[in-house]
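Spelled out from the first residue to the last, the chains are:
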Amino acid sequence: MITVLFAAPDLWGEYSDVLPQALAEAGITAQVVQEADSGTVDYIIYAPSAPLQDFTPFVRAKAVLSLWAGVERIVGNATLTQPLCRMVDPSLTESMVEWVVGHALRHHLGMDAHIVNPDHRWIPVAPPLARNRPVTVLGLGALGTACAQALAGLNFPVTGWSRTQKTVPGVRCLSGEDGLRQALTGAQIVVTLLPRTPGTENTLNAGTLALPARGAVVLNPGRGPLIDDEALLAALDAGQIGHATLDVFRVEPLPQDHAFWAHPRVTVTPHIAADTRAESASGVIAENIRRSEAGAPLLHRVDRTLGY
Ligand SMILES: NC(=O)c1ccc[n+]([C@@H]2O[C@H](COP(=O)([O-])OP(=O)(O)OC[C@H]3O[C@@H](n4cnc5c(N)ncnc54)[C@H](OP(=O)(O)O)[C@@H]3O)[C@@H](O)[C@H]2O)c1
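In this report, the structure presented in the accompanying data block is examined. (Residues numbered from 1 in each chain as written. Predicted model: local features only at pLDDT ≥ 70, side-chain atom pairs only at ≥ 80, totals over all residues. Heavy atoms only, no water.)

## Considering the packing of helix α2 (residues 18-25) against helix α9 (residues 278-293)
In a pair of packed helices, the angle between the axes and the distance between the axes together describe the arrangement.
Link 1 in the chain: One way to put it is that α2 packs onto α9 with a least axis distance of 8 Å and a crossing angle of 40°. Taken together, the axes of α2 and α9 are oblique relative to one another. Judged by the twist between their axes, the crossing of α2 over α9 is right-handed. Contact with α2, carried on its side by Val 18, Leu 19, Ala 22 and Leu 23, involves Ala 278, Glu 279, Ser 282, Gly 283, Ile 285, Ala 286 and Ile 289 of α9 and no other residues of that element.
Link 2 in the chain: Class assignment of the residues belonging to the contact of α2 with α9 gives a composition of eight nonpolar, two polar and one charged. (Axes fitted to C-alpha atoms, helices over the stretch in contact; angles between N-to-C directions. Helix = DSSP H or I, 4+ residues; strand = E, 2+ residues; numbered from the N terminus. Parallel < 35°, antiparallel > 145°, perpendicular 65-115°, else oblique. Left-handed = near helix turned anticlockwise from the far one by under 90°. Contact = heavy atoms within 4.5 Å. Nonpolar A, V, L, I, M, F, W, Y, C, P; charged D, E, K, R; others polar.)

Written as structure tokens, this is what we have:
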């Protein structure tokens, strides 16, 4: 019998049935508990809301399994010596693809002009075809790759950018500093799906925001600090960026007095692009515990030095 400590009390209601069931289906004899003698715990399920901050007493724990894809709030915890895995959940990926494609199509098709048209203006300007609207996705991980491929499937010419060089069918893949400049130059829609690390802070800044086509749209479902807020506001005011649809912010909830709320060319969504779904996430956790117990390498292991 292994002991799984579920350390995210606010999510217990969602997982209390489905996680034990997923573990049983994976052939694991386990008890999932909210409290335990730390020395008896084999695995820890973690979310940023977890009060647990000192991992030192969990001497027997074989892994800490995050319910979140982004791990910036735990990766620097000096007491964490156990392997850390981030969440890669098929349902989370599916919802991120829906959010990115939905917001990309809103801007591509110019939907706003027809949905909000109080003066009943008849302006018969058809949008270009997707094949004529270059899109760039910064980050080609689990989420960026799925979004890039979905957009490419709609005929958008898609460029993806990552730290190391990738090969993604149907997507022009670039890496490195020069690659970033090439990826952004002339893009009409830019999607940021990088993790928050010291290396990704302000990836979109005054210099890089000048590279996309004039009036380009920025979609940020990654993390707030990927963008320099002041530089984005200046680029919006100058018309260099036509619209920004932002799901994530440096401070969440976004403070009421933040300029993003009132800006006519900013859409705020409240960090809802891609939620972890308990049922599919439980399957991912169960599979990782099954692998670990069988001596196989853990999936989605975080590189502590890279921070993601
Ligand atoms: N808004 C939401 O609801 C929501 C939900 C889930 C996740 N997220 C965010 O989405 C992020 C991405 O998730 P994921 O699962 O796709 O992450 P992932 O699989 O770890 O992929 C991260 C990607 O970013 C690239 N990258 C990292 N550092 C870089 C750097 N310095 N320069 C260039 N590229 C860099 C990586 O390059 P390599 O491929 O070379 O390693 C990889 O392609 C998460 O970290 C989280 O912040 C948001």
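## A short note on the sheet that holds strand β12 (residues 266-268)
Link 1 in the chain: Taken in spatial order, the seven strands line up as β8-β7-β6-β9-β10-β11-β12 in an open sheet, and their pairing is parallel. On the outer flanks of this sheet lie β8 (172-175) and β12, each paired with one strand and no other. When strand polarity is set aside, the average angle formed by the axes of neighbouring strands in this sheet is 15°.
Link 2 in the chain: Taken together, the four bridges between strand β6 (residues 135-138) and strand β7 (residues 158-162) define a ladder with parallel strand orientation. (Pairing = 2+ DSSP bridges.)

## A closer look at helix α3 (residues 90-108)
Each α-helix winds once per 3.6 residues, and so residues spaced three or four apart point in a common direction.
Link 1 in the chain: For α3, with 19 residues, the first-to-last C-alpha span of 26 Å sits near the 27 Å given by 1.5 Å per residue.
Link 2 in the chain: Two to three positions downstream of the cap, the backbone nitrogen of Ser 91 sits 3.0 Å from a side-chain oxygen, assigning the N-cap of α3 to Asp 89.
Link 3 in the chain: Looking one or two residues beyond α3, the residue adopting positive phi is Gly 110, at roughly 60°. (Expected span 1.5 Å × (residues − 1). Polar contact = N/O pair within 3.5 Å; in protein donor to acceptor, adjacent residues only side chain to side chain.)

## Remarks on the site of the ligand
Link 1 in the chain: Near the ligand there are 30 residues, and of these Arg 86, Leu 143, Thr 164, Lys 166 and Tyr 308 occur at the shortest range.
Link 2 in the chain: Ala 142 is positioned such that a nitrogen or oxygen atom in its backbone is 3.0 Å from an oxygen atom of the ligand.
Link 3 in the chain: Between the ligand and the protein, one listed contact pairs an oxygen atom with a side-chain N or O atom of Thr 164 at 2.5 Å.
Link 4 in the chain: Bound to the protein, the ligand loses 92% of the 940 Å² it would expose on its own.
Link 5 in the chain: Breaking the shell around the ligand down by element, the ones donating at least two residues are α3, α5 (142-153) and β7.
Link 6 in the chain: Considering every element that reaches the shell around the ligand, the biggest residue donor is α5, with three residues.
Link 7 in the chain: Across the shell around the ligand, the residue classes tally to 15 nonpolar, ten polar and five charged. (Near = heavy atom within 4 Å. Areas by Shrake-Rupley, 256 points an atom, 1.4 Å probe, with all protein chains shown as cover.)

## Details of the pattern of salt bridges
Link 1 in the chain: Scanning the entire structure with this criterion turns up eight salt bridges.
Link 2 in the chain: Ionic pairing is found between Glu 72 and Arg 223, a salt bridge with its closest N-O pair at 2.6 Å. Linking Glu 72 in the loop between β4 (63-66) and β5 (84-85) with Arg 223 in the loop between β10 (216-220) and α7 (229-237), this pair joins segments that are 151 residues apart in sequence.
Link 3 in the chain: The exposure class assigned to Glu 72 is partly exposed, which follows from its relative accessible area of 24%.
Link 4 in the chain: With a closest N to O distance of 3.2 Å, Glu 201 and Arg 250 form a salt bridge. (Salt bridge = Lys/Arg side-chain N within 4 Å of Asp/Glu carboxyl O. Buried < 20%, exposed > 50% of the residue type's maximum accessible area, 1.4 Å probe, protein only.)

## A short note on a nonpolar patch on the surface
Link 1 in the chain: Nonpolar side chains collect at one region of the surface, where Leu 109, Met 111, Ile 115 and Val 116 lie side by side and expose about 380 Å² of accessible area between them.
Link 2 in the chain: Examined against the element boundaries, Leu 109 turns out to sit in the loop between α3 and α4 (111-115). (Patch = residues over 30% accessible without salt bridge, like charges linked within 9 Å, V, L, I, M, F, W, Y side chains within 5 Å.)

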